[in-house]
Amino acid sequence: MSDQQIFALQGATVTAAFALRYLPEGDEWRAEGIELVLASGGSVVLWNGTDWTLKVSAGGWPALPDWAWPPEAWVFEPLEGLGRPGLDHILTASPVHNEVGELYGATFGFAAGALTIGSGDSMSWTLLRED
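Let me sum up the structure you'll find in this document. None of the values given here were measured: they were computed from a predicted structure. All chains use their own residue numbering, which begins from 1 and follows the written sequence. Totals for whole chains, interfaces and linings use every residue, but because this is a predicted model, local features are given only for residues with pLDDT of at least 70 and side-chain atom pairs only at 80 or more, for both listing and counting. Side-chain measures were taken over the full set of non-hydrogen atoms in the model, leaving aside hydrogen atoms and water.

## Some thoughts on the environment of Trp29
Each helix corresponds to a stretch of at least 4 residues labelled H or I by DSSP, and each strand to a stretch of at least 2 residues labelled E; elements are numbered beginning at the N terminus. The residue Trp29 is located in the loop between strand S1 (14–22) and strand S2 (30–38) in this model. Taking relative accessible area as the criterion, Trp29 reaches 39% and is therefore assigned partly exposed. Considering only alpha carbons, one finds Trp29 and Trp74, 45 residues apart in sequence, at a separation of 8.7 Å. With near-sequence residues (within four places) excluded, Trp29 lies in contact with Arg21, Tyr22, Leu23, Ala73, Trp74 and Val75. Burial classes: relative accessible area under 20% of the type maximum marks a residue as buried, over 50% as exposed, and values in between as partly exposed (1.4 Å probe, protein chains only). Whether two residues are in contact is decided by their heavy atoms, any of which lying within 4.5 Å being enough.

Written as structure tokens, this is what we have:
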């Protein structure tokens, strides 16, 4: 199902994006998900499953996802650049699979760059800009 959810983002317009960061007790902030806020309304959350595969679900921006518990241990951190001209309209959306075929990440192509997301022990992302 998640591959189709990734493909469905092709053609969408992103107005903002946020990392969802978690602070385990006595540890450092860890990225556990990315929320893409869409111009059409609503949002999409790409997040680490407990098996380190990439999960995709509808978001409730600005509310935290249900799995983000306890709420006081979570923050949204803006992903700078996404949502601005050239990095707003998703031209391509491709799922990325690990060596056993599980959904591990996604790549989103924009006119002025690409966003690559990977799941694992912590969520990772790279925003490559062409400007």
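## Some points on the pattern of salt bridges
When the charged atoms of two side chains with opposite charge come close together, those side chains can pair. For this document, the term salt bridge refers to a Lys or Arg side-chain nitrogen within 4 Å of an Asp or Glu carboxyl oxygen. Evaluation of the coordinates by the stated rule reveals 3 salt bridges. Between Glu77 and Arg21 there is a salt bridge; the shortest N-O distance is 3.1 Å. Highlighted residues: Glu77 in strand S5 (residues 74–78) and Arg21 in strand S1, separated in sequence by 56 residues. On the basis of relative accessible area, Glu77 is assigned to the partly exposed category, the value being 32%. A salt bridge links Arg30 to Glu32; the nearest nitrogen and oxygen atoms lie 3.1 Å apart. On the accessibility criterion, Glu32 (10% relative accessible area) is buried.

## Comments concerning the side chain of Glu35
Here Glu35 shows up in strand S2. What qualifies as a polar contact is a pair of N or O atoms within 3.5 Å, subject to a donor-acceptor requirement within protein and to the restriction that residues adjacent in sequence count only when both atoms come from side chains. A polar contact is formed between the side chain of Glu35 and the backbone nitrogen of Gly60, at a distance of 3.5 Å. At 3.1 Å, the side chain of Glu35 forms a polar contact with the backbone nitrogen of Trp61. The contacts of Glu35, once residues within four sequence positions are left out, are Ala16, Ala17, Phe18, Leu20, Ser43, Val44, Val45, Gly59, Gly60, Trp61, Ala63 and Phe76.

## Digging into the nonpolar core
In these notes, a set of buried Ala, Val, Leu, Ile, Met, Phe, Trp, Tyr and Cys residues joined through side-chain atoms within 4.5 Å is what counts as a nonpolar core. Ranked by internal contacts, the top residues of the largest apolar core, which has 27 residues, are Ile6, Leu46, Leu54, Ile90, Phe108, Phe110 and Ile117. Listed by contribution, the elements that provide at least two residues to this core are S1, S2, strand S3 (43–48), strand S4 (54–59), strand S7 (103–110) and strand S8 (113–118). For Ile90, the residues in contact, after removing those within four places along its chain, are Leu9, Gln10, Gly11, Ala12, Val14, Phe108, Gly109 and Phe110. Among the nonpolar cores identified, the runner-up in size contains 7 residues, and Tyr22, Trp47, Ala73 and Trp74 belong to it.

Limitation: the analysis is restricted to geometry and does not speak to function.
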